[in-house]
Amino acid sequence: MSQTLDTPQTPAPVETPEQAPLDAAALAALHGLSVSNARPSLPQYVRQLWARRHFITAFATAKLTAQYSQAKLGQVWQVMTPLLNAAVYYLIFGLLLGTSKDIDDFVPFLVTGVFVFTFTQSSVMAGTRAISGNLGLVRALHFPRASLPISLCLQQLQQLLFSMAALAVILLCFGVPPAWSWFLVVPALALQFAFNTGLALVMARLGSRTPDLAQLMPFVMRTWMYGSGVMFSIKKVLPEQGVPEFAKVLLECNPAAVYIDLVRYALIDSFDAGQLPYDIGAMWALALGWAVVLCVGGFIYFWKAEETYGRG
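What you are looking at is a predicted structure, and each value in this text was computed from that prediction instead of being measured. (Residues numbered from 1 in each chain as written. Predicted model: local features only at pLDDT ≥ 70, side-chain atom pairs only at ≥ 80, totals over all residues. Heavy atoms only, no water.)

## Section: the environment of Ser233
We apply this condition: Under the scheme used here, helices are H or I runs from DSSP no shorter than 4 residues and strands are E runs no shorter than 2 residues, and both carry numbers assigned from the N terminus. Exposure categories follow from relative accessible area, calculated using a 1.4 Å probe and restricted to protein chains: below 20% of the type maximum is buried, above 50% is exposed, and the middle band is partly exposed.
Note that Ser233 resides in the loop between α9 (213-226) and α10 (234-241). In this structure Ser233 comes out as buried when scored by relative accessible area, which is 6%. Sequence-wise, Ser233 and Ala257 are 24 residues apart; in three dimensions their C-alpha atoms are separated by 9.8 Å.

Now the structure itself:
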């Protein structure tokens with residue numbers, strides 16, 4: 001007959017709070033670890049961008065240099081492209097449609113509008129592809145993603161400087177004398193750069209989730225161009241067409257038209273305050289307002305989705 005020996009059961013040790021296992025989040029916090037690609041706070045994000053300012057400028061310069069590297073004329077196309085566009089618009093609107101009859105210094109008027117609008121157009125198009133067109137870089141390296149749309153807008157600003165040098169020559173060739181007012185171009189373009197950057201940040205976030213947006217934007221930008229007074233004077237055309245008051249206000253306060261009018265007012269002596277939709281003080285206020293709203297709002301809108309870029 002077998003006997004079963006009962007061994008006394010050892011009670012399980014009771015864990016004290018100090019001995020209890022930590023969950024993953026607490027363990028990571030204990031060792032100073034953080035979630036990969038987590039969105040930093042807004043002030044920290046700004047500091048990260050400032051720390052990478054040299055990368056932003058170098059990336060912009062590299063993109064500008066490589067843009068026409070395969071073309072035989074190289075960087076000459078930076079000036080030739082907007083000039084050829086202006087030539088086409090002059091042929092259609094200036095000669096065939098007779099728009100030039102009601103506008104003094106029509107060629108400087110037209111070329112200025114084309115160059116200034118192209119600055120916004122190129123910035124928006126580049127911003128739309130800023131994330132989706134650089135997924136390899138986004139997924140391989142950790143850096144504030146806003147660096148990409150900002151650097152692409154800086155690239156467009158560098159390209160605009162070549163165009164403005166050509167514009168100065170055109171103005172002189174068509175008898176527009178240099179004046180102290182030309183220096184007003186600097187703050188006007190600075191405000192436009194801030195506006196463009198904010199809009200590019202908005203489009204970068206939208207384009208990162210909807211790549212097809214890049215195919216739609218050329219049509220949107222072309223419509224925007226026709227409503228911005230690039231080829232005609234908004235103030236002269238609107239009364240003749242009987243446009244409703246609300247549409248008139250929308251066209252006159254259109255940010256692209258505001259920046260174009262300010263640059264024309266600074267450069268072309270025949271484009272005086274009487275051709276502006278509002279007095280010069282109100283025009284500068286509109287330019288500043290658009291720049292602040294889009295730059296700050298666009299930056300925050302982009303930062304809100306920082307941890308999602310490059311996923312999926």
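## A short note on the state of the cysteines
Applicable threshold: For the purposes of this analysis, a disulfide is any pair of cysteine sulfur atoms at a distance within 2.5 Å.
Per the stated rule, a full pass over the model turns up zero disulfides. Here Cys153 stays unpaired: no disulfide links it, and the sulfur of Cys295, its closest cysteine neighbor, is 9.6 Å away. Here Cys153 falls in the buried class, since its relative accessible area comes to 1%.

## Re the UniProt feature "transmembrane region" (unreviewed entry) in the chain
Just so we agree on the cut-off: UniProt positions are given in the numbering used here, feature names are shortened, and annotations may be inferred rather than shown by experiment.
According to UniProt, the feature "transmembrane region" (unreviewed entry) maps to residues 82-100, 106-126, 160-177, 183-204 and 282-303 in the numbering used here. Summarising residues 106-126: 100% helix, 0% strand, and an end-to-end C-alpha distance of 30 Å. Strand forms 0% of residues 183-204 and helix 91%; the C-alpha atoms that close the span are 32 Å apart.

## Some remarks on the pattern of salt bridges
Note the cut-off: Here, a salt bridge means any side-chain nitrogen of Lys or Arg that lies within 4 Å of a carboxyl oxygen of Asp or Glu.
Scanning the model with the defined rule gives one salt bridge in all. In this structure, the salt-bridge partner of Glu252 is Lys248, at a minimum N-O distance of 3.0 Å. Taken together, the residues Glu252 and Lys248, both in helix α11 (residues 245-252) and four residues apart, mark about one turn of the helix. The class for Lys248 is partly exposed, based on a relative accessible area of 25%.

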